[in-house]
Amino acid sequence: MMNRKNGVIESILGILILALVGISLGMLYQRHPLHTSHHMLLKAEFESVDGLMEGSPVKIAGVIVGTVKSIRLNPKNYAALVTFSLALPLRLSKDTMAAVVSESLLSGKVMILSPGEDEAALVSGDTIFNTQSPMNLEQLLQKFLFSGGDHGDKEGKDHKGSENVDRIHWRTL
């Protein structure tokens, strides 16, 4: 009879231990920063997101704080609408700026966030409109080449007409 009582007691004790372990793991899962209840989904609207892909990191001050979830075309204004999630519970102001930049010369693009100073905070589902699209190499070369000859004119136009264009053309050859 003693063996039967010990077996029942051991079984009940084992079930209680497994239940306590399960409850503890559940509580740890709820507190983990990557748990879905802690994610905040935001959107950012860009003129272009050339090179940014789903799964690209979202960074603040060089620290990965989230991931790009989707990139879609906004049919209303033909802008690129990027949906991203923040894994950490962050308070970002409404005037936060988002930019798409190259992480390095050989790697892909990342989205960086620069928090602003507005008192109002972004909430899940909000859209950031203060954005900066990536500049491609062709745009950078054009900017460099066409900014060389205009030192005194703020608008970048030469008062002499097409002579400035000829001068730039010859300089680039």
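That block above? That's the structure.
Note that the coordinates shown come from a computational prediction; the quantities given were computed from them, not determined experimentally.

Novice: How should I be thinking about the sheet that holds strand β1 (residues 40–46) in this particular structure?
Specialist: Adjacent strands of a sheet form backbone hydrogen bonds with each other and so pair up, either parallel or antiparallel. Reading across the sheet, the eight strands line up as β7-β1-β4-β3-β2-β6-β5-β8 and stay open at both edges, with mixed pairing between neighbours. Of all strands in the sheet, those with a lone pairing partner are β7 (127–128) and β8 (131–132), marking the two edges. Where strand β3 (residues 63–74) lies against strand β4 (residues 79–86), eight bridges are found, and the strand directions are antiparallel. Across the sheet, residue arginine 72 finds its bridge partner in β4, namely leucine 81.

Novice: Please clarify how the environment of isoleucine 71 should be interpreted in this entry.
Specialist: One can find isoleucine 71 in strand β3. Of the residues examined, isoleucine 71 reaches a relative accessible area of 21% and is grouped as partly exposed. As for isoleucine 71 and lysine 43, which are separated by 28 residues in sequence, their C-alpha atoms are 9.5 Å apart. In this structure isoleucine 71 touches Val49, Leu52, Met53, Glu54, Leu81 and Val82, once residues within four positions along its chain are discounted.

Novice: Help me out: how do you make sense of the nonpolar core in this one?
Specialist: Formed by 21 residues in total, the largest nonpolar core has its most connected members in Phe46, Val58, Phe84, Leu86, Met111 and Leu113. Counting residues per element, the ones that place at least two in this core are β1, β2 (57–60), β3, β4, β5 (97–102) and β6 (109–114). Each residue touching phenylalanine 46, except ones within four places of it in the same chain, is listed here: Ala79, Ala80, Val82, Ala98, Ala99, Val100, Met111, Thr131, Gln132 and Ser133.

Novice: Would you take a moment to explain a negative patch on the surface for this structure?
Specialist: A cluster of acidic residues, Asp95, Glu117, Asp118 and Glu119, forms a negative patch on the protein surface. The topology assignment puts aspartate 118 in the loop between β6 and β7. Judged by its relative accessible area of 35%, aspartate 118 falls in the partly exposed class.

Novice: What am I meant to see in the side chain of serine 93 here?
Specialist: With respect to the helices and strands, serine 93 occurs in the loop between β4 and β5. Given a relative accessible area of 4%, serine 93 falls into the buried group. Side chain to side chain, serine 93 and aspartate 95 meet in a polar contact 2.6 Å long. Other than its neighbours up to four places away in sequence, serine 93 contacts Pro115, Gly116, Glu117, Asp118, Ala120, Ala121 and Leu122.

Novice: Looking at this model, I keep getting lost on the pairing of β3. Mind explaining?
Specialist: Two faces belong to every sheet, and in a regular strand the side chains alternate between them. Bridge count for β2 against β3 is four bridges, and the pairing is antiparallel. By the bridge assignment, valine 58 is partnered in β3 with glycine 66. Following β2, the chain reverses through two residues before pairing antiparallel with β3; alanine 61 in that reversal takes a positive phi of roughly 55°. As consecutive antiparallel partners, β3 and β4 are separated by four residues, and within that stretch tyrosine 78 has a phi angle of approximately 60°, a positive value.

What counts, and where the lines are drawn
Residues numbered from 1 in each chain as written. Predicted model: local features only at pLDDT ≥ 70, side-chain atom pairs only at ≥ 80, totals over all residues. Heavy atoms only, no water. Pairing = 2+ DSSP bridges. Helix = DSSP H or I, 4+ residues; strand = E, 2+ residues; numbered from the N terminus. Buried < 20%, exposed > 50% of the residue type's maximum accessible area, 1.4 Å probe, protein only. Contact = heavy atoms within 4.5 Å. Core = buried A, V, L, I, M, F, W, Y, C linked by side-chain atoms within 4.5 Å. Patch = residues over 30% accessible without salt bridge, like charges linked within 9 Å, V, L, I, M, F, W, Y side chains within 5 Å. Areas by Shrake-Rupley, 256 points an atom, 1.4 Å probe, with all protein chains shown as cover. Salt bridge = Lys/Arg side-chain N within 4 Å of Asp/Glu carboxyl O. Lys, Arg positive; Asp, Glu negative; His and termini not counted. Charge placed at Lys NZ, Arg CZ, Asp CG, Glu CD. Polar contact = N/O pair within 3.5 Å; in protein donor to acceptor, adjacent residues only side chain to side chain.

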